[in-house]
Amino acid sequence: MKKEKIALLVDSGCDLEADFIKKHSIYVAPFLLNYDGEEYVDGTGIDPLEVYRRFPQQIPKTSTPSIQTVEDIVGQIIADGYESIIAIDVSDHLSSTISTISLVLAEHPEIPSFVLNTKNISIGSGFLAMWAAKKIKEGMSFAELTEQLPEKVRDSTVFFYMDTLDYLKAGGRIGGVTSVVGSLLKIRPIISCDADGTYHTAALIRGDKNAKKKLLELAGQSAGDEPCWLALLNGAAPDEAAAIKPTLKKQIRRGKIVAEHQITASLAVHTGPGLLGIGVLKNP
């Protein structure tokens, strides 16, 4: 039976590695970073480390892909001969990108499409695109994907440990009370997304060593005894990520690390330096 030609469209907040995007011909709607009139494209136009270098004097504004940008991408997908589109986006509570993509796709009834609200961020969203890419390669149909993807949302989790909540607070993405507590008591926060796709504090831990231990513990609890994909992310903290990698592999024995990278520039804006993240996708 001939495989369907299904296009995958993600936003750059899904934080997929460039090599994976290229290998699977994934289309990306990029966020934008704006420094007082200087505009950069997330993922290709600015090195995330440059964002950190400009902190704290310069903190750019981020914006979602424009309607025209998404329209151009959809037009390219159609021109490339795809028969349907699966769009996978970060939580609608954290970005309006999903609304823009849904609006544009609704204007193209000539190509069947499906938009997934991952209710997550970064690799928590990206894992679902990776899973979809795998299933497309295996020959799963558009109809099967649209049925199964919403069920996979609950299997994907990401936990972030940050030195400070100041950048999330500045971006209006987390409550001020938690930010104040973390700042005053030097408590390290671990952030995740709840079932609605909103940031929540998974743990508040005093001390760097205890915070890393808790991060690994939460990832282990999320994985349980199931086979899983793992991601090890960092924000200007590659050495710290490398240091916890052996423990991650030891503690989650049925896990396979499928992604290791510095988070994308748009995510760096809202989390600041010193970030460690672990993503888990059960039963990939």
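Scroll up to find the structure.
This write-up is about the structure you can find in this document. (Residues numbered from 1 in each chain as written. Predicted model: local features only at pLDDT ≥ 70, side-chain atom pairs only at ≥ 80, totals over all residues. Heavy atoms only, no water.)

Observations regarding the packing of aromatic side chains
One pair of aromatic rings is described through two measures. These are the centre distance and the angle between the planes.
Point 1. For the structure shown, the criterion picks out 4 aromatic pairs.
Point 2. Relative to F55, the ring of Y52 has its centre 6.1 Å away and its plane inclined at 75°; by these criteria the two rings are edge-to-face. The burial state of Y52 is the same as that of F55; both residues are buried.
Point 3. A ring pair is formed by F127 and W229, whose centres lie 6.3 Å apart and whose planes are at 40°; its orientation type is tilted. Highlighted residues: F127 in helix 5 (residues 123–138) and W229 in strand 11 (residues 228–235), separated in sequence by 102 residues. Take F127 and W229: they sit in the same class, and that class is buried.
Point 4. Here the basic side chain of K5 rests over the ring of Y82, its NZ or CZ set 4.8 Å away from the ring centre. (Phe/Tyr/Trp six-rings, centres within 6.5 Å; stacked < 30°, edge-to-face > 60°. Buried < 20%, exposed > 50% of the residue type's maximum accessible area, 1.4 Å probe, protein only. Helix = DSSP H or I, 4+ residues; strand = E, 2+ residues; numbered from the N terminus. Lys NZ or Arg CZ within 6 Å of the ring centre and 35° of its normal.)

Remarks on the pairing of strand 13 (residues 275–282)
Point 1. For strand 13, the buried fraction is high: 7 of the 8 residues fall into the buried class.
Point 2. Two strands pair when backbone bridges link them, and strand 11 and strand 13 are joined in this way by 8 bridges, in the antiparallel orientation. The partner of W229 across the bridge, within strand 13, is L281. (Pairing = 2+ DSSP bridges.)

Looking at the nonpolar core
Point 1. In this structure, V51, I86, I88, I121 and L145 are the most contacted members of the largest nonpolar core, which totals 56 residues.
Point 2. With 9 residues, helix 5 is the largest single contributor of residues to this core.
Point 3. Those residues in contact with V51 that lie beyond four places of it in its chain are L33, Y35, I46, A265, A268 and V269.
Point 4. In this structure, A203, C228, A237 and V280 belong to the second largest nonpolar core, which totals 22 residues. (Core = buried A, V, L, I, M, F, W, Y, C linked by side-chain atoms within 4.5 Å. Contact = heavy atoms within 4.5 Å.)

Quick look at the sheet that holds strand 13
In a beta sheet, neighbouring strands pair by backbone hydrogen bonds and run either parallel or antiparallel.
Point 1. Read from one edge to the other, the open sheet built from 6 strands follows the order 10-9-8-13-11-12, with strand pairing classed as mixed. Every other strand in the sheet has two partners, leaving strand 10 (199–206) and strand 12 (255–262) as the edge strands with one partner each. On average, adjacent strands in this sheet sit at an angle of 20° to one another, irrespective of strand direction.
Point 2. Strand contacts of helix 10 (residues 238–251): strand 11, strand 12 and strand 13, with the helix running at about 160° to strand 11, the strand carrying the most contacts. (Axes fitted to C-alpha atoms, helices over the stretch in contact; angles between N-to-C directions.)

Comments concerning the packing of helix 5 against helix 6 (residues 142–152)
A pair of packed helices can be characterised by two numbers: the angle between their axes and the separation between those axes.
Point 1. Between helix 5 and helix 6, whose axes approach to 11 Å, the crossing angle comes to 150°. Crossing handedness for the pair helix 5 and helix 6: right-handed. Contacts from L128, W131, A132, K135 and I136 of helix 5 reach helix 6 at L145, Q148, L149 and K152.
Point 2. Considering only residue class, the contact of helix 5 with helix 6 consists of 6 nonpolar, 1 polar and 2 charged. (Left-handed = near helix turned anticlockwise from the far one by under 90°. Nonpolar A, V, L, I, M, F, W, Y, C, P; charged D, E, K, R; others polar.)

Section: the sheet that holds strand 6 (residues 84–89)
Point 1. Taken together, 4 strands build an open sheet; the order of strands is 2-1-6-7 and the sheet is parallel. Single-partner strands in this sheet number two, and they are strand 2 (27–29) and strand 7 (113–117). Between one strand and the next, the sheet's axes are offset by a mean angle of 20°, whatever the strand orientation.
Point 2. The pairing of strand 6 with strand 7 spans 5 bridges and is parallel. Looking across to strand 7, one finds that A87 is bridged to V115.
Point 3. Where helix 3 (residues 67–79) meets the sheet, it contacts strand 1 (6–11), strand 2 and strand 6, and its direction lies at approximately 170° from that of strand 2.
Point 4. In this fold helix 4 (residues 97–106) packs onto strand 1, strand 2, strand 6 and strand 7, with an angle of close to 170° to the strand it touches most, strand 7.

Examining the side chain of D15
Point 1. Tracing the sequence through the fold places D15 in the loop between strand 1 and helix 1 (18–23).
Point 2. In this structure D15 comes out as buried when scored by relative accessible area, which is 4%.
Point 3. Not counting residues within four places of it along the chain, the set of residues in contact with D15 comprises S122, I123, L233, H261, Q262, I263, T264 and L267.

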